[in-house]
Amino acid sequence: MGGRRQMRWMSKTAIKVEQATGFERVFDGSDRYAAVEGRGLIEVSGSDATEFLQGMQCNHMPLIEQGGSGMLTGFLTPQGRMMADAFVYPRNIGVNFPHPAYLIEVDARVRMQVQQMLNFYKLRAQVNIRDATSQYAVWSVWGPHSMELVGGGGSVLGHVPRGGLVFKSDETAVADIWAVDGRAPGMGLRLVVERGKKGGEEPQMPAGFEQRDGTEYRLRRILKGVAEGADDFVKGVAVALETNLDYMQGVHFGKGCYVGQELTIRTHHRGVVRKRVVPVLFGRDGDGTHNSLQLDYTWTPDIEAQTDITRIDVDTKSPKRGRRVPPGKVGSMAFNAGLALMRLEQVEQYMVQQQQSDGSGGRIAFKVRCADNEDVFVSPWSPSWWPDGAH
């Protein structure tokens, strides 16, 4: 079945759009779902679970302690640097619902580090912490009717009354553990399905929802500019706001103390974030100064995550000399699309350049070296869903 989905996925060779932000919506027209690969899960339960997690991550646990949808968040080092982006889900089950039990979803490559940090800070808290990766699978659901599965209309459900269950009826018995994925418009829902139940680890979706290859989920996430996983930030170096957690409602700036809070709050109140994760396209044609706006399914450049992006000054009479800090680093990729942590002033300069044809003031381009020593051009843009003034 997976092979047939992959063949159907590869039946097209390219997609072109008129504006770069048009890529954000090219896969939103149909109801689909796909497995989210490479994810690890940690279960935290016990009478102190809510209070304990409130001090361990940068979002606000009272938003989910009554059950219902999970939320996006981040786990930081004591110095305030990124350890992992994450979803935290309430387990919407149990006789005494809501009971203090949560699942934390992170990149599987950093799951052990996050779990070790939780155990380190546990002290006398009445919590149990265990690896639940083998017990659950993570899925993404999107499309015009995806939000109807949690109450319809695209509205996010608020607090759920004690004793009430949601997202489960005769018509939509899909999952007990879920989240509205509000990181970008059209991201849909995120489901956590227990393995071995209801015919395997796949969610039992209503008629009209088509299962797709996990590559499609990764590609649409990248084209929307949504960072996810260890490839999209330099672990122990990046600040939470550089990964757009603030734009994606993953940071609560009004809550009390938590691990890594000081740097996050200071950066927020200073109002200056010089670098952020943005979507990019890789290309080989021309001189790199203009974006061809073509997604090519036949080509994936061989680029390691966190490879430096360098700047080229084209037709500049007085090029800058001396050492220049690389303007960006490559993150996750799918075909010739990717994410990159880029200096915003240079992204803005490049985007303005796309609207000009006379090359006034000099032109710039960005390039990155592949593993086979081939240089390819990098074309960045800022997502349309960013707040006004952030572009």
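Check the entry above for the structure.
Note on numbering: residues in each chain are counted from 1, in written sequence order. Per-residue local features are limited, in this predicted model, to residues with pLDDT of at least 70; the limit for side-chain atom pairs, both in listing and counting, is 80 or more; totals at the level of whole chains, interfaces and linings are taken over all residues. Excluding hydrogens and water, the side-chain values take into account all heavy atoms of the structure.

> Hey, could you run me through the overall build of the protein in this one?
Strands are runs of DSSP state E lasting at least 2 residues, helices are runs of H or I lasting at least 4, and numbering of each runs from the N terminus. Within the protein, the regular secondary structure consists of six helices and 18 strands. Note on exposure labels: buried denotes an accessible area under 20% of the residue type's maximum, exposed denotes more than 50%, and partly exposed covers the range between, all computed with a 1.4 Å probe on protein chains only. For the protein, the residues scored as buried account for 55% of the 391 residues in total. Only carbon and sulfur atoms are counted for the fraction: they give 48% of the accessible area of the protein, which is about 17,800 Å². The Shrake-Rupley method, run with a 1.4 Å probe sphere, supplies the accessible areas, and residue values consider only the shown protein chains as cover.

> Is there a simple way to think about the packing of aromatic side chains in this case?
In this description, an aromatic ring pair is defined by two values, namely the gap between the centres and the angle between the planes. Only rings of Phe, Tyr and Trp enter the pairing, Trp through its six-membered ring, and a pair is recorded when the two centres are within 6.5 Å. The plane angle decides the type: under 30 degrees is stacked, over 60 is edge-to-face, the rest tilted. Scanning all chains against the criterion turns up seven aromatic pairs. Their ring planes at 85° and their centres at 5.2 Å tell us that F120 and Y121 sit as a pair that is edge-to-face. On the basis of relative accessible area, F120 is assigned to the exposed category, the value being 62%. Owing to a relative accessible area of 30%, Y121 belongs among the partly exposed residues under this scheme. To sit over a ring, a charge needs its Lys NZ or Arg CZ within 6 Å of the ring centre and within 35 degrees of the ring normal. One residue, R276, lies across the ring of Y247, its end atom 3.8 Å from the ring centre. In this arrangement the basic side chain of R284 is found over the ring face of W299, its NZ or CZ atom lying 4.0 Å from the centre.

> Can you walk me through the pairing of strand 4 (residues 71-76) in this structure?
Regular strands show a simple pattern: their side chains alternate between the two faces of the sheet. Within strand 4, six of the six residues are buried, which leaves it mostly tucked inside the rest of the structure. The side-chain alternation of strand 4 yields two buried faces, one formed by M71, T73 and F75 and the other by L72, G74 and L76. Sheet topology places strand 4 next to strand 5 (residues 82-90); six bridges connect them, and they run antiparallel. Among the inter-strand pairings, F75 is bridged to a residue of strand 5, identified as A84. Counted between consecutive antiparallel strands, the loop separating strand 4 from strand 5 contains five residues, among which G80 sits at a positive phi close to 90°. Strands are labelled as partners when DSSP assigns at least two bridges between them.

> Got a minute to help me understand the pairing of strand 9 (residues 177-180) in this structure?
Side chains I177 and A179 project from strand 9 onto one buried face, and the interleaved W178 and V180 project onto a second face that is buried too. Of the strand pairs in this sheet, strand 9 and strand 10 (residues 189-194) are connected by four bridges, and their pairing is antiparallel. Looking across to strand 10, one finds that W178 is bridged to L191.

> Sorry, what's going on with the side chain of S146 here?
Mapped onto the secondary structure, S146 falls in the loop between strand 8 (136-142) and strand 9. In this structure the side chain of S146 is engaged in a polar contact, spanning 2.9 Å, whose partner is the backbone oxygen of G143. N or O atoms closer than or at 3.5 Å make up a polar contact, with two conditions inside protein: a donor-capable atom paired with an acceptor-capable one, and, for residues adjacent in sequence, both atoms drawn from side chains.

> For this particular structure, what's the right way to read the sheet that holds strand 6 (residues 101-107)?
On the basis of which strands lie adjacent, the open sheet formed by five strands has the order 4-5-6-3-7 and antiparallel pairing. With partners counted over all chains shown, the strands left at the sheet margins are strand 4 and strand 7 (128-131), one partner each. Shown here is a sheet whose adjacent strand axes are inclined to one another by a mean of 30°, direction ignored. Judged from the seven bridges that link them, strand 3 (residues 39-45) and strand 6 form a sheet pairing that is antiparallel. If you follow S45 over to strand 6, its bridge partner there is A101. Axes here refer to lines fitted to C-alpha atoms; in helices the fit is confined to the stretch in contact. Angles between the N-to-C directions go from 0 to 180 degrees.

> Could you clarify how one ought to interpret unusual backbone geometry in this entry?
A negative phi angle is the norm for most residues apart from glycine, just as the trans form is the norm for most peptide bonds. With a phi angle near 60°, Q249 is a residue other than glycine that sits in the positive phi range. As for its position among the elements, Q249 is in the loop between helix 4 (214-223) and helix 5 (261-270). Its relative accessible area of 51% is what places Q249 among the exposed residues. The backbone phi angle of N373 is positive, close to 70°, even though this residue is not glycine. By secondary structure assignment, the location of N373 is in the loop between strand 17 (363-369) and strand 18 (375-380).

> Would you explain the nonpolar core in this entry?
Across soluble globular proteins, you tend to see nonpolar side chains buried next to one another. Among the nonpolar cores identified, the biggest contains 52 residues, and L103, L245, F282, I303, I309 and V368 are the most heavily contacted of them. Residues count as neighbours in contact if any of their non-hydrogen atoms are within 4.5 Å of one another. Here L103 is in contact with L41, I42, E43, F87, V88, Y89, R91, A132, Y136, I177 and V192, once residues within four sequence places are set aside. Among buried residues, the Ala, Val, Leu, Ile, Met, Phe, Trp, Tyr and Cys ones that are joined through side-chain atoms within 4.5 Å form a nonpolar core.

> Sorry, what's going on with the sheet that holds strand 2 (residues 32-35) here?
Two orientations exist for strands paired in a sheet by backbone hydrogen bonds: parallel and antiparallel. Within the open sheet, the five strands sit side by side as 9-10-8-2-11. Their pairing is mixed. Each edge of the open sheet is held by one strand with a lone partner, namely strand 9 and strand 11 (210-211).

> Honestly, helix 5 in this entry has me stumped. Any pointers?
Within an α-helix, residues lying three or four positions from one another point in the same direction, as the helix has 3.6 residues per turn. For helix 5, the complete set of buried residues consists of Q261, L263, T264, I265 and T267. Of the residues trailing helix 5, G271 is marked for its positive phi of about 70°.

> Mind showing me how you'd approach the side chain of T307 here?
Relative to the elements of secondary structure, T307 occurs in the loop between strand 13 (294-296) and strand 14 (308-314). Within polar-contact distance, the side chain of T307 engages the backbone oxygen of E304 at 2.6 Å. Contact partners of T307, with chain neighbours within four places excluded, come to G328, K329, V330, V368 and R369.

> Is there a simple way to explain the environment of T21 in this structure?
Looking at the secondary structure, you find T21 in the loop between strand 1 (14-16) and strand 2. A C-alpha to C-alpha distance of 8.3 Å links T21 and L223, two positions 202 residues apart in sequence. Ignoring sequence-local partners within four residues, the contact set of T21 consists of W381, S382 and S384.

> Got a minute to help me understand the environment of G260 in this structure?
Mapped onto the elements of the fold, G260 is located in the loop between helix 4 and helix 5. For the pair G260 and Q57, spaced 203 residues apart in sequence, the C-alpha separation works out to 8.3 Å. In this structure, G260 is in contact with L76, T77, P78 and G80, ignoring residues within four places of it in sequence.

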